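Observations on chain architecture
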Amino acid sequence: TNDGRAGLCASAASCVAMVRAVLRQSRSPRPRTSNAGAVCCCVVLLFNVVVASSTPDASASPRDYHHHPAEKPTATDASSPYDSLERILRRIAPPTFSATSFDVVADFGAMGDNATDDLPAFRNAVAAANAVPGGATVEVPANRTYYLAGPLALLSNTRLRLGEQSTLRWAGPNDVGARWRSGGPDDAYPVLTKFEGTAVFNFSPLLRMYEASNVSVVGAGASSVLDGAGSKWFSKNSADADRLRAMGGNAPNATQPLYERVFGAAAELPPAFVEAFAAENVQVENLTIRESPFWTVHPVASRNVVVRGLTVETTSTKNSDGCDPEGSVDVLIEANTFTTGDDCVAIKAGRDADGRQLGRPTRNVVVRDNVCTSTANGFCVGSEVSGGVENVFFLDNVVSKAENAVYFKSNVDRGSWVRHVTLRNLTATNVEKNCVDFTNDYGGVTTGGFPTQFTDFDLREITCAMDATIDNPKAIKADGVDDDHPVADVTIQDLVFTYSSADDDDDDDD
């Protein structure tokens, strides 16, 4: 199907087009409708072969997610294979739209009374904006709360713009009239997404941008709110998560075909809140996002993504990371305030064999001028890094509370590499464990046979004040695997580490 649902034959979104392309190339006639079962078998077989055998292609677009999973770095000069910070920032820009706009209340009948289901009005408004050449804006009038009983998909060339004191409030899965488990194919069918780095058909993200180009959700500041009712969602079911991980090929398991990984209402894996999947030119800006069911902003296999000026408040739910770019290129995460129930920012790239087969790195990410308060960690890479992570910049950030201020984490199920990471000017307080932590033993996995290579880190100008109630804190902690996979080529300079013991109010141990 064209939106990534697990429909008839449980085929993946792009497989039908793939089959047709192969048939055209072989000059074979297109199968008739009566051969639908045979077509389904072709879809399944071709999907498995193509994912396993694809080679890197620098020309691949986000729509080629399953066909050309990897991209080559673009050299800036003869001495470096990596783009400079300046060049990355020149490329990253928010999308632009025509002057055409639609009012979701005046033009499409949304009530904004915090009770009536306004989802049909929003869907109709988005479809109208998508049909305008050059795109259009869906205006969400101020001083109202709009109740959405199910997921909302933003289409290409669409900007959703919230006014002041404007709130979109989503239903929980068990609310009366909610469309998450029933209500028709646009609501209840599982969609193609990723859960903790493994591809799966699951509940739709609350706000989804699938294979969309030039798409934006913006507000008028902190009073413009996206409320995901996260406390009404179930927490991650560990047995369901383990089952999916096994399907994705964590050791010693082999990967299972994507069409078999259908979860949704049959399991308890909560959805991401805002997800851009195989999208380009994406903007999420000047909003408050609260009560996320799971990861909050999740750009997957996307390019040119701006996440800026957000107030993220997700401490009411577990695993509610602030922003998790995964397999994405040219991402700017800037001037956000994160108060999260898990990592504030975590750079991802797929999990275990599933991620290694897709081989889609996360590259050219700039994380700057953010403030983080976390029940877990501040600024992270990992642990799902199986496609590789490189050329990441953490600049001028603040951690007001966290277990680890900076955390590079993987294990020997993941494989691949984390390399060329730059950090400048980090101020951290109330750190409970480590200021800077490298581990290749995250989760205690030691038998996978795929250690991650950590190389080329340049970390400078770090001030870190530890929580005085914590025993045995560390300024720098690094766990490699063996002589062939050390944490290597690391520069840490100008780090000030302060620890005030509970029984010593006079002197700091620096």
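Now for a look at the structure at hand. Just so it is clear, the model here is predicted, and its values are computed rather than measured.

Structural notes on the state of the cysteines
The final tally for this structure, using the stated rule, is one disulfide. Two residues, Cys344 and Cys372, share a disulfide whose sulfurs are 2.1 Å apart. On the sign convention where negative is left-handed, the bridge of Cys344 and Cys372, at about 75 degrees about the S-S bond, is right-handed. Note that Cys344 is positioned in the loop between β20 (337-340) and β21 (345-347) and Cys372 in strand β23 (residues 371-374), a separation of 28 residues in sequence. Free of any disulfide, Cys380 has its nearest cysteine sulfur in Cys344, 8.0 Å distant. Residue classification places Cys380 among the buried positions, given a relative accessible area of 0%.

Brief notes about the sheet that holds strand β13 (residues 274-277)
Ordered in space as β5-β10-β13-β16, the four strands form an open sheet in which the pairing is parallel. The strands lining the two open edges of the sheet, one partner per strand, are β5 (152-153) and β16 (297-300). Bridge count for β5 against strand β10 (residues 207-210) is two bridges, and the pairing is parallel. The partner of Ala153 across the bridge, within β10, is Arg208.

A look at the environment of Ala128
Relative to the assigned elements, Ala128 resides in helix α4 (residues 119-130). Distance from Ala128 to Thr158, taken between C-alpha atoms, is 9.0 Å for residues 30 residues apart in sequence. With residues up to four places along the chain from it excluded, the contact list for Ala128 reads Phe102 and Phe108.

Focus on the pairing of β13
On β13, burial covers both faces: Val274 and Ala276 on one face and Glu275 and Phe277 on the other are all buried. Taken together, the four bridges between β10 and β13 define a ladder with parallel strand orientation. Within the sheet, the bridge partner assigned to Arg208 lies in β13 and is Glu275. Inspection of the sheet shows β13 paired to β16 by four bridges, in the parallel sense. Residue pairing across strands places Phe277 opposite Val300, the latter belonging to β16.

A look at helix α6 (residues 238-247)
The set of residues buried in α6 consists of Asp240, Ala241, Leu244, Arg245 and Met247. For α6, the buried positions fall inside an angular range of 160 degrees around the axis, keeping them on one side. In the core, the buried residues of α6 are packed alongside β8 (191-195) and β9 (198-202). Where α6 begins, the capping side chain belongs to Asn237, and its oxygen is found 3.0 Å from the backbone nitrogen of Ala239. Two residues or fewer after α6 comes Gly249, characterised by a positive phi angle close to 90 degrees.

What counts, and at which threshold
Residues numbered from 1 in each chain as written. Predicted model: local features only at pLDDT ≥ 70, side-chain atom pairs only at ≥ 80, totals over all residues. Heavy atoms only, no water. Disulfide = S-S within 2.5 Å. Helix = DSSP H or I, 4+ residues; strand = E, 2+ residues; numbered from the N terminus. Buried < 20%, exposed > 50% of the residue type's maximum accessible area, 1.4 Å probe, protein only. Pairing = 2+ DSSP bridges. Contact = heavy atoms within 4.5 Å. Arc of directions from axis to C-beta. Polar contact = N/O pair within 3.5 Å; in protein donor to acceptor, adjacent residues only side chain to side chain.

Scope: geometric values only; no functional claims are made or implied.
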